[in-house]
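Okay, here's what each chain looks like letter by letter:
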Amino acid sequence: MSLTYLEAIREAQARALRDDPRVIIYGQDVGAFGGAFKATKNLAGEFPGRVMDAPISEDAIVGAAIGAAIEGMRPIVEMQFADFSTVGFNQIVNQAATLFWRTQVPCPITVRLPFGGTSGSGPFHSQSLETIYAHYPGLVVMTPATVEDAYSMLLEAVAIDDPVIFCEHKYLYYHLKADKLPTEAVPTGKARIARAGRDLTIVAYSAMVHEALAVAEELKTEGHEIEVVDLRSVKPLDTDTVMASVARTGRLLCVGESWPWGGVTAEVVARVATEGFALLDAPPMRLNAKDTPVPYHPNLWAAHRPTARSIAAAARKLLRQ
Amino acid sequence: MVQAADSVAVRFRPVAAGTAVFSELCTSAFRWMLLARLLDEKFASLYRAGKIHGGVFLGRGQEALSVATALALRPGDVFAPLIRDAAGRLAFGDTALDAARTYLGSALGPMRGRDGNVHRGKPREGLLPMISHLGAMISVVNGILLARRLKGIQGTVGAASIGEGATSTGAFHEALNQAAIEKLPLVLVVANNHYAYSTPTSRQFACDSLVDKAAGYGVAGHRVDGTDLEACLKTLQHAADQARAGRGPQLVVAKLLRLCGHGEHDDAGYIDPKLKTSPVGRDCLKVAEEFLLQQRWADAATIAAWRKEKTHEVEEAVTAAQREPTPDPYEEDWTALSSGQLREGNE
Ligand SMILES: Cc1ncc(C[n+]2csc(CCOP(=O)(O)OP(=O)(O)O)c2C)c(N)n1
């Protein structure tokens, strides 16, 4: 059996629905149609009444999920694209994220965001929004990079009592495959050493992990051993694992697909610089997308976000210092 | 507490105009209105004395509509009040003490000093704690109603309050449309008090009456004189009954006037004096009092005794809240997550 990242997400939802009667799925076209990406394929048929088509009303979709959560359900919301979650932003950051803190009543909703660039998708179907959600207290932000994590972290997201923003990368949907579903998993909040090395640490998450791994492979032929840290969740952010890696390598490059102002890469660099300055043999570096909307044309798109090529160039520069 | 006894006794019996039970409902409603008015006035005076952090927002002039909304509900129902709902909150089960605690920042209140003034509630008891963002509570009520349906629980009604200003939000539109699609037992109560802060209705909507919107959403619409307690009780009871009977969302639009500033910081100098002297500017508490007297459901002495009793209740609540501890920053856990294992350290 072989399974894609997307199929793992579908399987995780099927299992969540099967194991827990409190789980429901709500989103546009998720019912009989099975979702824009088919992440809920056949689920409406298998679990009648629990996989519900929603109107194009992101605010009300999230609001209703919050209400259902107050009532003891475990709703999974599918945003058709991460980009449209901004229409439901208020409910996510002001209602869901504050509920427990204000009232001690938890808000166990999972909001699935199909995110990240695929060429040809343009400015409004390509965004990476993990940064803005991570900024708000009260939210957990997951960014799985592997099929196994897509599966186990989504199950964990549903089980967690807090609102979870589940960022699933659209490029990985079809490009990643695994032989089987995991039976156990590292808990959320723990980063993973995706590849061990001693010369340079590349910290990445989601699709960028695979670009970083390609770079590590390439630079091996030049005699460098690169360590790749997969953050898995950007909030909580596993500073300990990052710091321990930098202690081994003395060099840090942090890569993210979202925009350069602030964000996950800035946060990682800031934490290492403030808490682990003495561990660094060279100034830390960060790579992000360019500070423009995400372009449509593949020529522009490929140059907009970090790629194995631009990461390799940055890594070489850092290794020379 | 006296309050609980007051409402529950009357709330469940079927009500028809002119019956003894309706007289009980009216007097009960009046007593809640009186308590709300006196509590509001107390908060206003505490505000003027500098004893309250942050703003004070009153429901003066809107008590009849607010109490009627709550009294149309039963235990197990859901209520999402807004800033002008002092009366409805109390009738639904909120207490003068919790109101005072939230305004005065008691650590023992439902919000423990983390949120203040009208931002209080107990979601598990069906009383939703409003966030400031107007329109946002309606879909949350929808979600609770949807979940009840999924769980096979029948007969729940959810009521949400909204001002005419907030009918202009996308959230209002999305939520009412959502409720209509799902045919949810939602009673959406619009208090058209003619001003959203300083903005008159002419800058808010262009339809003749907000109730016209009901047809557009495919829901039932009701209009009511928000200054008239009797009319409010009957209309809201009818709307809740319709919702409970499975006839889908009910949009109730009441006309009235806010008889105070937007908050106590606001002198409301923008309110058209002609409106104040028009029927819409009547004080619903006075109208209700006159109605009770005229029906002989209460006499002046009884009403004076109620006023005394409620004044005492307010004083007791405020005094108790003032004696309670305030939140201690060193005792705070400073985390917004309930999952301990996912908490990040604070600097
Ligand atoms: C989405 C949103 N925008 C702005 C505000 C600021 N605000 C608070 S109350 C208010 C006026 C509300 O008017 P209305 O809905 O008519 O209710 P009323 O105050 O008259 O009861 C405004 C603009 C807000 N709370 N939420």
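Residues numbered from 1 in each chain as written. Chains lettered and ligands numbered in written order. Predicted model: local features only at pLDDT ≥ 70, side-chain atom pairs only at ≥ 80, totals over all residues. Heavy atoms only, no water.

Undergrad: Could you clarify how one ought to interpret the layout of surface pockets in this entry?
TA: To locate leftover empty space, one rolls a probe as large as a water molecule over the atoms. Considering only enclosed or pocket space, the largest pocket measures out at about 1,200 Å³ in volume. Contributing to the lining of the largest pocket are 42 residues, with Ala134, Lys235, Glu267 and Arg271 of chain A together with Glu344 of chain B lying nearest its centre. Here the lining of the largest pocket takes six residues from helix H10 (residues 264-275) of chain A, the largest share from any one element. Here the lining of the largest pocket spans two domains, since at least three of its residues come from each of domain 1 (3-178) and domain 2 (192-319) of chain A. Of the volumes computed, that of the second largest pocket is approximately 470 Å³. Contributing to the lining of the second largest pocket are 28 residues, with Leu82, Ile83, Arg84, Leu134 and Gly163 of chain B lying nearest its centre. (1 Å grid on protein atoms, 1.4 Å probe; cavity = no way out; pocket = protein on both sides within 12 Å on 5 of 7 lines; lining within 4 Å. Points joined across faces, edges and corners; volume = space filled by probe spheres on them. Helix = DSSP H or I, 4+ residues; strand = E, 2+ residues; numbered from the N terminus. Domains from an automatic or database assignment.)

Undergrad: Sorry, what's going on with the environment of Ala313 of chain A here?
TA: Residue and element names in this part refer to chain A. Within the secondary structure, Ala313 sits in helix H12 (residues 308-320). On the basis of relative accessibility, which here comes to 42%, the residue Ala313 falls in the partly exposed class. Distance in space between the C-alpha atoms of Ala313 and Val269 is 19 Å, their sequence separation being 44 residues. (Buried < 20%, exposed > 50% of the residue type's maximum accessible area, 1.4 Å probe, protein only.)

Undergrad: Looking at this structure, I do not really get the sheet that holds strand S14 (residues 285-287) of chain A. What am I missing?
TA: Within a sheet, adjacent strands bond to each other through the backbone by hydrogen bonds, running parallel or antiparallel. All names here are of chain A. Overall, mixed pairing links the five strands, which are arranged S9-S11-S10-S13-S14 in an open sheet. Pairing within the sheet leaves two strands with one partner each, and these edge strands are strand S9 (192-195) and S14. Strand-to-strand twist across the sheet, computed as the mean angle between neighbouring axes with direction ignored, equals 25°. As defined by bridge partners, S9 adjoins strand S11 (residues 226-230) across three bridges and the pair is classed as antiparallel. (Pairing = 2+ DSSP bridges. Axes fitted to C-alpha atoms, helices over the stretch in contact; angles between N-to-C directions.)

Undergrad: Sorry, what's going on with the packing of helix H3 (residues 58-70) of chain A against helix H4 (residues 89-103) of chain A here?
TA: The geometry of a pair of packed helices is captured by two quantities: the angle between their axes and the separation between those axes. Residue and element names in this part refer to chain A. Relative orientation of the contacting elements H3 and H4 amounts to 15°, with a least axis distance of 9 Å. As the angle between them shows, H3 and H4 are arranged roughly parallel. Remark: the crossing between H3 and H4 carries right-handed chirality. Contact residues: Asp59, Val62, Gly63, Ile66 and Ile70 in H3; Asn90, Gln91, Ile92, Gln95, Ala96 and Leu99 in H4. By residue class, the composition of the contact of H3 with H4 is six nonpolar, four polar and one charged. (Parallel < 35°, antiparallel > 145°, perpendicular 65-115°, else oblique. Left-handed = near helix turned anticlockwise from the far one by under 90°. Contact = heavy atoms within 4.5 Å. Nonpolar A, V, L, I, M, F, W, Y, C, P; charged D, E, K, R; others polar.)

Undergrad: How should I be thinking about the site of the ligand in this particular structure?
TA: All names here are of chain B. Residues in contact with the ligand amount to 14 residues; listed here are only the nearest, Arg84, Ser132, Gly165, Asn193 and Tyr195. Within the backbone of Ala166, one N or O atom sits 2.9 Å away from an oxygen atom of the ligand. With respect to the ligand, the side chain of Asn193 contributes an N or O atom lying 2.8 Å from an oxygen atom. In isolation the ligand has 580 Å² of accessible area, and contact with the protein removes 68% of it. Taken atom by atom, the bulk of the ligand overlaps the second largest pocket. Counted by class, the shell around the ligand contains six nonpolar, six polar and two charged residues. (Near = heavy atom within 4 Å. Polar contact = N/O pair within 3.5 Å; in protein donor to acceptor, adjacent residues only side chain to side chain. Areas by Shrake-Rupley, 256 points an atom, 1.4 Å probe, with all protein chains shown as cover. Sits in = over half its atoms within 2 Å of the grid points.)

Geometry only, nothing functional implied.
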